[in-house]
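Overview (structure and organization)
Chain by chain, the residues:
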Amino acid sequence: MGNKQAAFTESQLEQYQDCTFFTRKEILRIFRRYRDLDSDHIPKSYTRGEASRIKVPFEYIEKMPELKENPFRRRICEVFSEDGSGNMTFDDFLDMFSVFSEQAPQDIKAVYAFKIYGETVHPIKVNCCVFHQILEEADLDDDSQLSYMEFEHVISRAPDFLNTFHIRI
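These numbers were taken from a predicted model, which means no experiment stands behind them.

When you go through the protein chain residue by residue, the secondary structure sums to 9 helices and 0 strands. Reading the protein chain from its N end, one meets helices and strands in the order α-α-α-α-α-α-α-α-α. Among the 169 residues that make up the protein chain, the fraction classed as buried is 36%. At a minimum sequence separation of 6, the contacts of the protein chain that also span at least 24 residues come to 60%.

Listed below in structure tokens is the structure:
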């Protein structure tokens, strides 16, 4: 019924569903969001493997309403871009949305939160007294550093973590 061009093959959509926390409809909605970021360069159809090759520059992604006010937007994009540049393929973009989805479990969110914040939060960038107080409480082995296990322990005790570490689609 009509000549509507498919964005993905059935096989691609099934693979995306298997690797994310999204339905087909949500995957296609995220693809439209991705394409809208740079519609002059992003094709309407990704049936030939373009999803892992064509990239949207960080400068376009950072302007998304969900990221533009976030002081960690560059680090978020660097963590989710496969090459660490912040420029994202559709696969990278979908992974980011999947981790930030409300359906993603806390352990996956904690891993990515550590990747994002663990390497960017330093005493110089944070109020020194606050940083040292957090470090004193969370640094269980007294080595003046937060390991992933210590970070995860802090996150597990933060009731608002799951509510704040997400992006609605």
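After that view of the structure, there is still more to cover.
Sites flagged by UniProt as "domain: EF-hand" (unreviewed entry) map to residues 68–103. Along residues 68–103, the helical share is 50% and the strand share 0%, with 23 Å between the first and last C-alpha atoms.

Once that is clear, we can look at the nonpolar core. Counting residues in hydrophobic clusters, the biggest one holds 31 residues, and the most contacted among them are Phe8, Ile61, Phe80, Phe90, Phe93, Met96 and Phe97. Looking at this core, the element that brings in the most residues is helix 5 (residues 90–99), giving 6 residues. Sequence-distant contacts of Phe93, that is, excluding residues within four places in its chain, are made with Ile30, Arg33, Tyr34, Leu37, Met64 and Met88.

A word on the pattern of salt bridges. Under the defined criterion, the tally for this structure stands at 7 salt bridges. Overlapping salt bridges, with partners in common, bring together Glu10, Glu14 and Arg24 in one network.

In this section: the environment of Phe31. Mapped onto the elements, Phe31 comes out in helix 2 (residues 24–37). Given the relative accessible area of 4%, Phe31 is considered buried. With sequence-adjacent residues up to four places away left out, Phe31 is seen in contact with Ala7, Phe8, Ile42, Pro43, Lys44, Tyr46 and Phe90.

It is the contact of helix 1 (residues 10–19) with helix 2, at a shortest axis distance of 10 Å, that shows an interaxial angle of 100°. As far as their axial angle goes, helix 2 and helix 1 are roughly perpendicular. Contacts from Glu10, Leu13, Glu14, Tyr16 and Gln17 in helix 1 reach Arg24, Ile27 and Leu28 in helix 2. Taken together, the residues that form the contact of helix 1 with helix 2 break down as 4 nonpolar, 1 polar and 3 charged.

This paragraph deals with the packing of aromatic side chains. Taken as a whole, this structure holds 13 aromatic pairs when the rule is applied. With a centroid separation of 5.6 Å and an interplanar angle of 65°, the aromatic rings of Tyr34 and Phe90 are classed as edge-to-face. You can see Tyr34 sitting in helix 2 and its partner Phe90 sitting in helix 5, a full 56 residues away along the chain. Accessibility expressed as a relative area gives 0% for Phe90, which makes it buried. Plain terms: the ring middles of Phe80 and Tyr112 are 4.8 Å apart, the flat faces sit at 10° to each other, and that makes the pair stacked. Here Phe80, found in helix 4 (residues 73–80), pairs with Tyr112, found in helix 6 (residues 106–117); they are 32 residues apart in sequence, far enough to count as distant.

On to helix 6, then. Between its first and last C-alpha, helix 6 extends 16 Å over 12 residues, near the 16 Å set by a 1.5 Å rise per residue. Of all the residues in helix 6, the buried ones are Lys109, Ala110, Ala113 and Ile116. Take helix 6 and look down its axis: the buried residues cluster within an arc of 130°, on one side only.

The subject of this paragraph is the packing of helix 4 against helix 6. In the contact formed by helix 4 and helix 6, the axes pass within 9 Å of each other and the chain directions differ by 120°. In this view, helix 4 runs oblique relative to helix 6, as classed from their interaxial angle. As helix 4 runs across helix 6, the sense of the crossing is right-handed. Every residue of helix 6 that contacts helix 4 at Arg75, Ile76, Val79 and Phe80 is listed here: Tyr112, Lys115 and Ile116.

Calculation rules
- Residues numbered from 1 in each chain as written.
- Predicted model: local features only at pLDDT ≥ 70, side-chain atom pairs only at ≥ 80, totals over all residues.
- Heavy atoms only, no water.
- Helix = DSSP H or I, 4+ residues; strand = E, 2+ residues; numbered from the N terminus.
- Buried < 20%, exposed > 50% of the residue type's maximum accessible area, 1.4 Å probe, protein only.
- Contact = heavy atoms within 4.5 Å.
- UniProt positions renumbered as here; feature names shortened; annotations may be inferred.
- Core = buried A, V, L, I, M, F, W, Y, C linked by side-chain atoms within 4.5 Å.
- Salt bridge = Lys/Arg side-chain N within 4 Å of Asp/Glu carboxyl O.
- Axes fitted to C-alpha atoms, helices over the stretch in contact; angles between N-to-C directions.
- Parallel < 35°, antiparallel > 145°, perpendicular 65-115°, else oblique.
- Nonpolar A, V, L, I, M, F, W, Y, C, P; charged D, E, K, R; others polar.
- Phe/Tyr/Trp six-rings, centres within 6.5 Å; stacked < 30°, edge-to-face > 60°.
- Expected span 1.5 Å × (residues − 1).
- Arc of directions from axis to C-beta.
- Left-handed = near helix turned anticlockwise from the far one by under 90°.

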